[in-house]
Amino acid sequence: MIITFSILSAIAVISALLAVRLRNLVHATLTLMAFFVALAGLFILLMAEFLAAVQILVYVGAVGILILFAIMLTQQVTGNVKEHIEAHGALWGLAGATAVLLTLLLPAILKTALPLQPVVETIDPSVRALGLNLMAPYTIALQVIALLLTAALLGAVVIAISPEKSEEEKKS
Amino acid sequence: MLGIGILKGMVVTAKNFFGSFVNKRLLPTIQYPEAGNSVTLFSRNIPFLVYDNDEDPLGTMRCVACKICEKECPPQCIYIVMEKDANGKPAKRPKVFDIDISVCMGCQICVEVCPFESIKMDSTFELSTPDRFEGLLLKREHLLKSNTYFHKIHPDEAQEVDDRLAAKQKKPAPTPSTPAA
Amino acid sequence: MTPINPDQLIVQLTQWALSFLDSYPLVAVLVAILLSTVPLIAVFPGCFAITTWLERKGLARIQNRIGPNRTGPLGILQPAADGIKMLLKEDIVPKTSDRLAHFLAPVVLMVPAFTILSVLPFNRNMIPAAVDTGVILFFALGSVSTLAVFMAGWSSRNKYSLLGGMRAIAQMVSYELPLVLSGVTVIMMTGSLDTTKIVAQQQLSEWIQSSNAGLQCLGQIIGWNVFTPWGFAGFLIFFVASLAEINRCPFDLPEADSEIVAGHLTEYSGFKYALFFMSEYVSAFAINGLSTTLFLGGWSGPNIRPPWSDDPNALLIPGFVWFFAKMFALMLVMIWIRGTLPRLRVDHLMGFAWKFLLPLAIMNIFVGGFYYYAPRWHGIPVVGWPIGFLVMYLSYECIGRLNRGPKTAQRVYHYAS
Ligand code: SF4
Ligand code: SF4
């Protein structure tokens, strides 16, 4: 358990670092996907198979592919970007990240009594429990997200349609 | 209904699939070296020289070495040398008659122009050889084939030719003047 | 000693073998893992070989040819000859290619292709990985193959490869939606993501456990999802979408050899090409296995209880026979389609997924919901079936008609008549 955990988290950390540091955009995306896969492995270790599957389905299968697609649609198809993007204010970025970590995660970490006992009995990560939770206490949140996504979808459709329309208007 | 076209297409291919097991017409493949060849009556590829008497090929060959075919052959692949008898008189017989079949394009023009019905199209095709130069240069001996053979490969055409030759022999007089007129 | 049950013979043998290792739990776990994975790795490449032969022969017959017949009787050794040729070929990697990605692409394709096989129930108690989120795991790992195809296309540094990779991404992402949505209907009706439960739901257990052989047979068939309106429509949508998902004809645009050489495979040769080729077929098997599981009753088929057994669940013919029979039948249909239909145009391909399959799949979900709640008469869906069928048929017609482009004038041929 510990060994698997250390290997997976090492892969996750290294590939996350690489994803940030690599110059080649496609390589960066590929390492990002490796990070997602490692994360899915960690989910499996936590007995959350469904979450792992969704992690791969959504992040590797959809988000990552979408990023690749976006890169492909830009000029630098090969991904060998010659010009350097100068990172100004790396310090500020670091500070911001640390602040987020401190405010969001630290309280949670401090609250839990380490070392943890296995909590399989108390938490039921099965699909059914997840679905019931989404349907009962978090219905509003689910609906809001659904609405947001639908709006985004409609927006995308509108953006995709409009240039064609104007051309037709010009013709007529 | 939408999609009927796809189903129809599927039926066609299914018919072809199952038909190929029962219907010879739907499986026209001939496995060449083992199951013979597929030479048809109308197949023509290179020319050959016709002779009449099976016993005496050189004596009864129809060619008179007039060299018309040599001149007319578009890729110039015929080479003819007329034979001369002892006192240097032309013998109306080719001494050399070569066709370079690596050059011959099977156009059949030599056959069309020959006034003596002596060069005809063959249908043999197993002509591959390990020798690129000599092997593809067919000599007089290779080219000579009997009228019987001609009858065998292209019976209709051979019969026509025979009839024509017979008619010509009956009234031999005006033949030489015809081309001029 | 339990009575011999032909259906469960392999399972019983495995358990018997494992019982010797009871005192070494770690070894037992390892052996159990091996026993469930090695057969997969052994059987499916074999199936792949047989299928390539079947495909060559079938396509040949469709095109009025004989097909391979020189290697062994009926050319049955052709796959072996192919394999030897592939392995002996030089492995050429383009100089400018991205070596790591170029090398990793076949592996990234191969691993998920074999992994997804493990969530398929080949028989009762014969599922390599019994997870309760089997279907979603299948789709998740299946979506990784898109990445592999893209890696192959991008890393080759060849414009044809890149075009192939781009086409593959666009196509696979689009067709994943109808694929998953048509599967969602089944998941909804079963109320489970577990593939074994999905199969169990398609068997009428009262009939199977009755004493009448005919009823036992029928009970294994009548419950298949494909015999319901939503199941039938879902099956067709799933099948078409799966054709696109595994890049098979008529959706083989990523490797359209008349346009872009061989697409993402252009720069691959030798063993890596063989790996690509094999993974493609293995994922074809996997996806056919999943459609068998979801719609065609998985491992259930006309089957009776062996006369000597009194175990109500015992079966005479092992379930995996039916499973593989159905999988191969679907594979043959794919070959048949490949011999029939020409390749789609790119815009038609996308339009077909987004404007036709997707609305149909969404409609299908509603029909499934209606079917579930419609009143039944003695358990027979007298209302749900006809109305569901009608709705599905009408929406098929309507969506099809809406998709018809503007009528083009009859084409005039000037020289050919
Ligand atoms: S084959 Fe005919 S045309 Fe040619 S030289 Fe002989 S007779 Fe003349
Ligand atoms: S067939 Fe044509 S190319 Fe061949 S020898 Fe006769 S004229 Fe020349």
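Up top you'll find the structure we're talking about.
Going along each chain's sequence as written, the residues are numbered from 1 onward. Here chains are named by letter from A upward and ligands by number from 1 upward, in the order in which they appear as written. Local features in a predicted model are, by the rule used here, given only for residues with pLDDT of at least 70; side-chain atom pairs are given and counted only at 80 or more, and totals for whole chains, interfaces and linings are based on all residues. By convention in this description, side-chain values take in all heavy atoms of the structure and omit both hydrogens and water.

1. Description of the overall build of chain A
Argument step 1. Assigned secondary structure in chain A consists of 6 helices and 0 strands.
Argument step 2. The way it works is that DSSP assigns letters per residue, a run of H or I at least four long becomes a helix, a run of E at least two long becomes a strand, and they are numbered from the N terminus. Start at the N end of chain A and walk to the C end: the helices and strands fall as α-α-α-α-α-α.
Argument step 3. Whether a residue is buried, partly exposed or exposed follows from its accessible area with a 1.4 Å probe, protein chains only, as a fraction of its type maximum: under 20%, in between, or over 50%, in that order. Within the span of chain A, comprising 172 residues, buried residues form 20% of the whole.

2. A closer look at the side chain of Asp122(B)
All names here are of chain B.
Argument step 1. Locating Asp122 in the fold gives a position in the loop between strand 4 (119-121) and strand 5 (137-138).
Argument step 2. Assessed through its relative accessible area of 0%, Asp122 is described here as buried.
Argument step 3. A polar side-chain atom of Asp122 sits 3.5 Å from the main-chain amide nitrogen of Thr124.
Argument step 4. Contact criterion: two residues are considered in contact whenever any of their non-hydrogen atoms come within 4.5 Å of each other. In this structure Asp122 touches Ser43, Arg44, Asn45, Ile46, Pro47, Phe48, Lys145, Tyr149 and Ile153, once residues within four positions along its chain are discounted. Think of a polar contact as two N or O atoms within 3.5 Å of one another; within protein, one of them needs to be a possible hydrogen donor and the other a possible acceptor, and neighboring residues in sequence only count if both atoms come from side chains.

3. What about the pairing of strand 3 (residues 90-100) of chain B?
Here is the key point about a regular strand: its side chains alternate between the two faces of the sheet.
Residues and elements named next belong to chain B.
Argument step 1. Direction of pairing for strand 2 (residues 78-84) relative to strand 3: antiparallel, over a ladder of 6 bridges. In the strand pairing of strand 3, Ile80 is matched with Phe97.
Argument step 2. Only strands that DSSP links by at least two bridges are regarded as paired with each other. Linking strand 2 to strand 3, which pair antiparallel, is a turn of 5 residues; within it Gly88 sits at a positive phi near 80 degrees.
Argument step 3. In this structure, strand 3 lies alongside strand 5, joined through 2 bridges in antiparallel fashion. Across the sheet, Ile99 pairs through a bridge with Leu138, a residue of strand 5.

4. Focus on the sheet that holds strand 2 of chain B
The strands that make up a sheet are held in pairs by hydrogen bonds between backbone atoms, and each pair lies either parallel or antiparallel.
Argument step 1. Pairing is antiparallel across the open sheet formed by 3 strands, whose spatial order is 2-3-5 (chain B). Looking at which strands have only one partner, the edges of the open sheet turn out to be strand 2 and strand 5 of chain B.

5. Some thoughts on helix 2 (residues 25-45) of chain A
Argument step 1. For helix 2 of chain A, which comprises 21 residues, the first-to-last C-alpha distance of 30 Å matches the rise-based estimate of 30 Å (1.5 Å per residue) to within 8%.
Argument step 2. For helix 2 of chain A, the full list of buried residues reads Val26(A), Ala28(A), Thr29(A), Leu30(A), Thr31(A), Met33(A), Phe36(A), Ala38(A), Ala40(A), Gly41(A), Leu42(A) and Leu45(A).
Argument step 3. Check the buried side of helix 2 of chain A and you find it contacts helix 1 (2-21) and helix 3 (49-73) of chain A together with helix 5 (134-155) of chain C.
Argument step 4. Where helix 2 of chain A terminates, the next one or two residues include Met47(A), which has phi positive at roughly 65 degrees. Multiplying one less than the number of residues by 1.5 Å gives the expected span of a helix.

6. Quick word on the site of ligand 2
Argument step 1. Definition of nearness: a residue and a molecule or strand are near each other if at least one heavy atom of the residue lies within 4 Å of the molecule or strand. Looking at ligand 2, there are 13 residues lining it, with Cys73(B), Cys104(B), Cys107(B), Gln108(B) and Cys110(B) nearest.
Argument step 2. In this count, Pro and Cys sit with the nonpolar residues alongside Ala, Val, Leu, Ile, Met, Phe, Trp and Tyr, while Asp, Glu, Lys and Arg are called charged and the others, Gly among them, polar. Counted by class, the shell around ligand 2 contains 11 nonpolar, 2 polar and no charged residues.

7. Quick word on the sheet that holds strand 1 (residues 47-51) of chain B
Residue and element names in this part refer to chain B.
Argument step 1. Overall, mixed pairing links the 3 strands, which are arranged 4-1-6 in an open sheet. In this open sheet, the two edge strands, each paired with only one partner strand, are strand 4 and strand 6 (144-146). The average angle at which neighbouring strand axes cross in this sheet is 55 degrees, direction not considered.
Argument step 2. The pairing of strand 1 with strand 6 spans 3 bridges and is parallel. From the neighbouring strand, Leu49 faces strand 6, where its bridge partner is Leu144. For every element, the axis is a line fit to its C-alpha atoms; helices are fit only across the contacting stretch, and the angle between N-to-C directions ranges from 0 to 180 degrees.

8. A short note on the pattern of salt bridges
Argument step 1. For salt bridges, the criterion is a side-chain nitrogen of Lys or Arg within 4 Å of an Asp or Glu carboxyl oxygen. Going through the model one piece at a time under the given rule, you end up with 20 salt bridges over all chains.
Argument step 2. When the shortest N-O distance is used, the salt bridge between Arg343(C) and Glu259(C) registers 4.0 Å. Highlighted residues: Arg343(C) in the loop between helix 12 (319-340) and helix 13 (346-373) and Glu259(C) in the loop between helix 10 (229-245) and helix 11 (270-295), separated in sequence by 84 residues.
Argument step 3. Of the residues examined, Glu259(C) reaches a relative accessible area of 40% and is grouped as partly exposed.
Argument step 4. The salt bridge involving Glu397(C) is made with Arg401(C); its shortest N-O contact spans 3.2 Å. With a gap of 4 residues between them, Glu397(C) and Arg401(C) both fall in helix 14 (residues 384-403), about one helical turn apart.
Argument step 5. Salt bridges here are not isolated pairs; linked through shared partners, they connect Glu83(B), Arg93(B), Arg140(B) and Glu141(B).

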